[in-house]
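Architecture and fold: a report
One-letter residues, chain by chain:
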Amino acid sequence: MLTIEVQKLSKTYSGRQVLKDIDFKVQSGEVFVLVGPNGAGKTTLLRILDLLEEPTEGRILFNETPVDYSAKDKVALRRRIGMLFQQTKLFDMSVSDNIAYGLKVRGEDKVTIEGKVRETLKLVQLQGYERKNALTLSGGEAQRVSLAQALVTEPELLLLDEPTANLDPRNISIIEEVLTNINREKRTTIIMATHNMFQAENLAHRVAMINNGKIEGVGTFQEIFGRPSEPVKNFVKFENVFSGLSTAFTEGTSIIDIGDRLKIEAAFKKSGYVMIHIPPEDIILSSQPIVSSARNMFEGRITQILETESAVKLKVKVGESKNFTVQVTKKSFKDLQLSIGTRIFLVFKASSVQII
Amino acid sequence: MMCEKMFENTFLEEILNITLLSLKVSGTAVLIGAIIGIPIGTALGFGWFKGKMMLTRIIDLTLKSIVNTFMGLPPVVVGLVVYLLLTTSGPLGPLGLLYTPTAMIITQLIMAVPIVTGVTMSAIGSVEKTVRERALSLGATDRQAAWTVLREARTGILTAVIVAFGAAISEVGGIMIAGGNIRWVTRTLTTAIVVETNLGNFDLAITLGIILLSIAFIINLALTIIQFRGQKR
C-alpha cells in the first residue's frame, strides 16, 4: 500500500500563490481529511497529488520515492491512484463502459473486466444500470458511477474532492458507506477534501485544517476542533434537516408536512414553508411503540451504523426516503442490540424541533 | 407525341444529371475537406502547436485566427483565385482543369477545409480539458486519453462535416466562376437556378429550387437530431 509524503510544497499560478509550504505525511490505510473553506487550495493539492499538475516548489514522495514527472512515471503512479473530482465528468457511453474504462486502458481481458464491473456496480448499489447511458443519470447516481470508475481498479490511494457536495442524504450515505468499507476491508489510503465537518468527524483518522493555501493544523478531529460550538455544528451538519409546509395551531404548535406522509409536530408557531432541524442527540430510540409526552414518533429501519470514539451514530430510514440520524451512547447501542435492518421507533419532543 | 416524350425524358435526365453533379462535387469536396480538416482541427483543439515557448504560442494563435477568418471566405473570391490559377495562362493552366468538375471540387474544398477545421477545433476544445484529465486520472496514457477526447467530441466533429456540406451544396459564386456552368458538364443545382431564372425558365428553376431545399432540409434535420440527442443527455 502507499504512504504519501508531501514536502515543502508550494504552487503558484501566474504570480498568485495558492499553496504555501505544505508538509504532511499520510500513512498507508489512513483516512486523511482536508478541511477548509472554498478556495483554500484543497482542490489544487489533490490535483497535484494525482499528478495532473506539478508543484512550483517542493516534492511528493510515494512510498518514500520522489515523483519524477516523466510520462512513464506519471502513468504508472496514476494507475495506483483513484481520483474522484467534485464535478463529475462521465463519458458519453454506457454505465458499464464508463466503469470499465480504467481496466480497458490497463489492457485487462474481457472476462476480468465484466466480473469487476459487476462487482463494483453492486458496491455502489447501481445494479441494473449497466446499459444506461451515463449522461442520463442524476447527480447522485453519476457521482456513484464516478466512484465506481475509480474503485474498479482497486487503487492503493483514493483521492476525493468534495465527493458528496450538493448530493441528497441517500447518495451521501451510500458514498460514505462505500468509503468506510473499502478503507476497512482493502486498507485503501484515502485523502479527501470536504467542508462537511460531520463527514470529517465520521470518516477521518486525521484532519488537516487548510486555509489560504496553508495547513493550519494536523491531528485528530478532536485535537483540531475540540467540541465545535452549537451554531457551527448546526451550520455544518446536513443531518436531520427537513423542509415542508408548516401549519400553525392556536395551542402554539405547528405541524410540518415533510413529505412521504410524515408530519412533524414542533413547538413553534409558524405557517408556510420552513426548514427544520432535529439534533441527533435529542432523538430517543425504542424497540416498541411507547406512550409518552413526546409528540413525535416514527417507525423506521436502521440503514447505517457509524461508531465514533464517544458515541454511535445511526442512520434510520423512515417512510420511502427520509433519513434520520440518531446519536446514542455506546452502552445503549449495545443494550438495544441494534444492527443494520433493525426496525425501530424514533421518539422526539416537539420542542426539539428547531427552525433554521 | 414522340417529341414531347423525348423532351420530357431529357428534362428529367437533365435534372437528375444536375442534382447528381451537385451531390458529387459538394460530397467529394467535403469528404476530402474532412480528411484534411479533422486532423488539423484536432491538433489545434488539443493545443498541440501550443508549446511552452512564446513563438509556438504565437503560431498557435495565428493558425486559429486564420482558420476562423477563412471560415467565412467569400465564395466568389475563392472562385476567382481558382480561376486565376487554372486559366490557360495561369500557373496551373497546363493541367487543363478550368471548367471541369475538378475545378469546382477544388473551389469548394478550399471553403470546406476551414469550416471542418474550425468546428472540429471548438468541439474538441470544449471537452478537451475535463475529458483528458478524467481519462488520465483513470490511468490512461496520453495517447489513450487523446482517443477518448476524440470519441467524446464525435458529435461535434460530425456536425462540422454536415455544416461544411450544407455550405458547399448551397454555394453558387465560386463554382460558377471555376466551373463555368456548362450544360451537362459543370451545371449544378445552384448555378442552374441562376441561369434558368435569367432565361425565364421558371418551371425548371423552381423544380431545382425544391430539390435544393429538400437537400438543405435533410441536412438540417440530421443536425437537429444530433443536437437534440446532445441536449437530452
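Residues numbered from 1 in each chain as written. Chains lettered and ligands numbered in written order. Predicted model: local features only at pLDDT ≥ 70, side-chain atom pairs only at ≥ 80, totals over all residues. Heavy atoms only, no water.

Re unusual backbone geometry
All names here are of chain A. Look at Lys8: it is not a glycine, yet its phi comes out positive at around 45 degrees. Tracing the backbone through its elements, the reader meets Lys8 in strand β1 (residues 4-13). With a phi angle near 45 degrees, Asn63 is a residue other than glycine that sits in the positive phi range. Relative to the elements of secondary structure, Asn63 occurs in the loop between β4 (57-62) and β5 (65-66). Owing to a relative accessible area of 31%, Asn63 belongs among the partly exposed residues under this scheme. (Helix = DSSP H or I, 4+ residues; strand = E, 2+ residues; numbered from the N terminus. Buried < 20%, exposed > 50% of the residue type's maximum accessible area, 1.4 Å probe, protein only.)

A look at the nonpolar core
Core analysis: the largest hydrophobic core is formed by 47 residues, its most contacted members being Ile4, Leu34, Leu49, Phe62 and Ile191 of chain A. Among the elements that take part in this core, helix α4 (residues 101-137) of chain B stands out by supplying 5 residues, more than any other. Excluding anything up to four places from it in sequence, Leu49 of chain A contacts Ile4, Val6, Phe24, Ile60, Phe62, Ile81, Leu159 and Ile191 of chain A. In terms of nonpolar packing, the next biggest core, distinct from the first, is built from 42 residues, Leu90, Tyr129, Ile182 and Phe221 of chain A among them. (Core = buried A, V, L, I, M, F, W, Y, C linked by side-chain atoms within 4.5 Å. Contact = heavy atoms within 4.5 Å.)

Notes on the domain arrangement of chain A
Residue and element names in this part refer to chain A. Domain boundaries in chain A define domain 1 (4-232) and domain 2 (239-355). Taken over C-alpha atoms, the centre of domain 1 sits 32 Å from the centre of domain 2. Contacts between the two partners involve 9 residues from domain 1, matched on the other side by 8 residues from domain 2. For the pairing of domain 1 and domain 2, the buried interface totals around 820 Å² over both sides, and the portion due to carbon and sulfur atoms is 46%. (Domains from an automatic or database assignment. Buried area = accessible area lost by both parts, 1.4 Å probe.)

A closer look at the pairing of strand β18 (residues 322-329) of chain A
Residue and element names in this part refer to chain A. Of all 8 residues making up β18, 6 are buried, and the element is well covered by its neighbours. Of the strand pairs in this sheet, strand β17 (residues 311-318) and β18 are connected by 8 bridges, and their pairing is antiparallel. Bridge assignment links Val318 to a residue of β18, and that residue is Lys322. Hairpin connection from β17 to β18: 3 residues lie between these consecutive antiparallel strands, with Gly319 at a positive phi of about 65 degrees. (Pairing = 2+ DSSP bridges.)

Thoughts on the sheet that holds strand β3 (residues 31-35) of chain A
All names here are of chain A. Judged by pairing direction, the sheet is mixed, and its 6 strands sit side by side in the order β6-β7-β8-β3-β9-β10 without closing on themselves. A strand with exactly one partner marks an edge of an open sheet, and here the two such strands are β6 (81-84) and β10 (214-219). Geometrically, the sheet is characterised by an average inter-axis angle of 15 degrees between neighbouring strands, direction not taken into account. Across the sheet, helix α5 (residues 139-151) is in contact with β6 and β7 (157-161); its angle to β6 comes to roughly 170 degrees. Running over the sheet, helix α6 (residues 169-186) touches β3, β7 and β8 (189-194) and is turned about 155 degrees from β8. (Axes fitted to C-alpha atoms, helices over the stretch in contact; angles between N-to-C directions.)

Considering the interface of chain A and chain B
Listed by partner, the interface residues are 25 residues for chain A and 20 residues for chain B. Summed over both sides, the interface between chain A and chain B buries roughly 2,000 Å², with carbon and sulfur atoms accounting for 53% of that surface. Together, Lys89, Asp92 and Tyr101 of chain A form the three largest contributors to the area buried by chain A at its contact with chain B, with a combined 28%. For the pair chain A and chain B, the number of links is 2 salt bridges. In this structure, Asp92 of chain A engages Arg154 of chain B in a salt bridge whose closest nitrogen and oxygen atoms are separated by 3.7 Å. (Salt bridge = Lys/Arg side-chain N within 4 Å of Asp/Glu carboxyl O.)

With respect to α5 of chain A
Here α5 of chain A is 13 residues long and its end C-alpha atoms lie 18 Å apart, about the 18 Å a rise of 1.5 Å per residue gives. Most of α5 of chain A is tucked away: 12 of the 13 residues are buried. Restricting attention to buried positions, one finds in α5 of chain A the residues Gly140, Glu141, Ala142, Gln143, Arg144, Val145, Ser146, Leu147, Ala148, Gln149, Ala150 and Leu151 of chain A. Those residues of α5 of chain A that are buried are in contact with β6, α3 (95-105), α4 (110-123), β7 and α6 of chain A together with α4 of chain B. (Expected span 1.5 Å × (residues − 1).)

Structural notes on empty space enclosed by the protein
Rolled over the atoms, a probe with the dimensions of a water molecule shows which regions are left empty. Residue and element names in this part refer to chain B. Tallying each qualifying case throughout the model produces 1 cavity of 30 Å³ or more. Within this model, the largest cavity holds a volume of roughly 40 Å³. Residue lining of the largest cavity: Ser22, Val25, Ser26, Gln108, Ala168, Ile169, Glu171, Ile175, Thr188, Leu189 and Thr190, and that is the complete set. Elements supplying a minimum of two residues to the lining of the largest cavity: α1 (2-46), α6 (154-169) and α8 (189-199). (1 Å grid on protein atoms, 1.4 Å probe; cavity = no way out; pocket = protein on both sides within 12 Å on 5 of 7 lines; lining within 4 Å. Points joined across faces, edges and corners; volume = space filled by probe spheres on them.)

Describing the environment of Arg131 of chain A
Tracing the sequence through the fold places Arg131 of chain A in the loop between α4 and α5. Separated by 34 residues in sequence, Arg131 of chain A and Asp97 of chain A have C-alpha atoms that sit 8.6 Å apart.

With respect to the packing of α3 of chain A against α5 of chain A
All names here are of chain A. Relative to each other, α3 and α5 sit at 30 degrees, their axes nearing to 7 Å. Crossing handedness for the pair α3 and α5: right-handed. In this structure, α3 contributes Val95, Asn98 and Ile99 to the contact, and α5 contributes Val145, Ala148 and Gln149. In terms of residue class, the contact of α3 with α5 is made up of 4 nonpolar, 2 polar and no charged. (Left-handed = near helix turned anticlockwise from the far one by under 90°. Nonpolar A, V, L, I, M, F, W, Y, C, P; charged D, E, K, R; others polar.)

A word on the sheet that holds β5 of chain A
Residue and element names in this part refer to chain A. Read across the sheet, 4 strands follow the order β2-β1-β4-β5 without closing on themselves; strand pairing throughout is antiparallel. Taken across any chain shown, the strands that pair with only one partner, and hence form the sheet edges, are β2 (16-26) and β5. Bridge count between β4 and β5: 2 bridges; the pairing is antiparallel. Paired with Phe62 across the bridge in β5 is Thr65.

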